Amino acid sequence: MYWIERIWVWLSRMPYNCGFGIQSPNDYWLVRNVINEHRPYYQYDELGRDDDALTRKLGKLYFRLANWWQPSVIASEKYQAYLSAGCCKAIFSENIEAADFVVLRLEQGTNKESFMSAYNKVKDNALLVVEGIQTNKEIWESIADDTRATIIFDLYYCGIVFFDKKRYKHYYKVNF
């Protein structure tokens, strides 16, 4: 079932393939060399052998993001093996306010107030990844409409949010 959905998502997002339509050189580089990187990294063989296809796909993305971002504190309940392999100096914490890299999960029936209170604790220079953005589109749209969120990548399975006050607001759909 996963592969049928994946083919459908890929075909529906074909116009957003390979960073097409992204005018910012920094954002284009991020899409081409981090998000849609297909070359094998040094830890791929050891990571996620027993994981399902979607977990492995997202785990590899988080590995590449952690490798690129090099956070000192990570707040994530899942994917710790991938994240620690991407940045071995990072420590894991449940304190969202202290984290440089935050992974939040949206699920069906997630309470908007509790999720937004956790979202509001994310500091301005952090990288936020919101998993499951298609399961609760109302909360994802409220994050995308927030004034703090300036650079937003919609990858269908997850969303990546940057809080850079020096940049203009951009919302990118990416075929991931």
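Calculation rules
- Residues numbered from 1 in each chain as written.
- Predicted model: local features only at pLDDT ≥ 70, side-chain atom pairs only at ≥ 80, totals over all residues.
- Heavy atoms only, no water.
- Helix = DSSP H or I, 4+ residues; strand = E, 2+ residues; numbered from the N terminus.
- Rg over C-alpha atoms; globule rule 2.2 N^0.38 Å.
- Buried < 20%, exposed > 50% of the residue type's maximum accessible area, 1.4 Å probe, protein only.
- Contact = heavy atoms within 4.5 Å.
- Areas by Shrake-Rupley, 256 points an atom, 1.4 Å probe, with all protein chains shown as cover.
- Lys, Arg positive; Asp, Glu negative; His and termini not counted.
- Charge placed at Lys NZ, Arg CZ, Asp CG, Glu CD.
- Arc of directions from axis to C-beta.
- Axes fitted to C-alpha atoms, helices over the stretch in contact; angles between N-to-C directions.
- Parallel < 35°, antiparallel > 145°, perpendicular 65-115°, else oblique.
- Nonpolar A, V, L, I, M, F, W, Y, C, P; charged D, E, K, R; others polar.
- Core = buried A, V, L, I, M, F, W, Y, C linked by side-chain atoms within 4.5 Å.
- Salt bridge = Lys/Arg side-chain N within 4 Å of Asp/Glu carboxyl O.

A.B. asks: An account of the overall build of the chain is needed here, citing residue identities and associated values.
C.D. replies: Within the chain, the regular secondary structure consists of six helices and seven strands. Along the chain, helices (α) and strands (β) appear in the sequence α-α-α-β-α-β-β-α-β-α-β-β-β when read from the amino end. Taking 2.2 N^0.38 as the reference for a compact globule, 176 residues should give roughly 16 Å; the C-alpha atoms of the chain span a radius of gyration of 15 Å, in line with that estimate. Across its three principal directions, the C-alpha atoms of the chain cover 35 × 35 × 35 Å. Counting all 176 residues of the chain, 49% fall into the buried class. Looking at the chain alone, contacts between residues at least 24 apart form 59% of all its contacts between residues at least 6 apart. Looking at the chain as shown, the accessible area adds up to about 9,700 Å², and 52% of this sits on carbon and sulfur atoms. The averaged location of the 22 negative side-chain charges in the chain is 5 Å from the averaged location of its 22 positive side-chain charges.

A.B. asks: Tell me about helix α2 (residues 25-35), residues and numbers included.
C.D. replies: Along α2, the positions that sit buried rather than exposed are Asp27, Leu30, Val31, Val34 and Ile35. Each buried residue of α2 sits inside an arc of 115° when the element is viewed along its axis, so together they form one side. Buried residues along α2 sit in contact with α3 (53-69), β5 (151-154), β6 (158-162) and β7 (170-173).

A.B. asks: Would you mind going over the packing of α2 against α3 in detail, with residue names and values included?
C.D. replies: Put simply, α2 and α3 touch, their axes get as near as 10 Å, and they point 120° apart. In terms of orientation, α2 lies oblique with respect to α3. From α2, Trp29, Leu30, Val34 and Ile35 reach across to α3, where they touch Leu61, Arg64, Leu65 and Trp68. For the contact of α2 with α3, the class distribution of residues is seven nonpolar, no polar and one charged.

A.B. asks: Which residues make up the nonpolar core, and what values do they have?
C.D. replies: Ranked by internal contacts, the top residues of the largest apolar core, which has 37 residues, are Ile35, Tyr62, Leu65, Phe153, Leu155 and Ile160. Contributions of two or more residues to this core are made by α1 (2-12), α2, α3, α4 (80-86), β3 (101-105), β4 (127-131), β5 and β6. Per-element accounting of this core gives the leading share, six residues, to α3. Leave out the neighbours within four places in its chain, and Leu155 touches Arg13, Ile35, Leu61, Ile133, Ile160, Val174 and Phe176. Counting 24 residues, the second-largest nonpolar core is a separate cluster that includes Val122, Ile139, Ala144 and Ile152.

A.B. asks: Describe the pattern of salt bridges, naming the residues involved and giving the relevant values.
C.D. replies: This structure, assessed with the given rule, holds nine salt bridges. Note that Lys123 and Asp100 form a salt bridge whose closest N and O atoms lie 3.0 Å from each other. Here Lys123, found in the loop between α5 (112-120) and β4, pairs with Asp100, found in the loop between β2 (91-92) and β3; they are 23 residues apart in sequence, far enough to count as distant. According to the relative accessible area criterion, Lys123 is partly exposed, its value standing at 26%. Residue class for Asp100 comes out buried when judged on its relative accessible area of 12%. Across the pair Asp146 and Arg148 runs a salt bridge whose closest N-O atoms are separated by 3.8 Å. When its relative accessible area of 23% is taken as the criterion, Arg148 is described as partly exposed. Overlapping salt bridges bring together Asp124, Asp146, Arg148 and Lys165 as one network.

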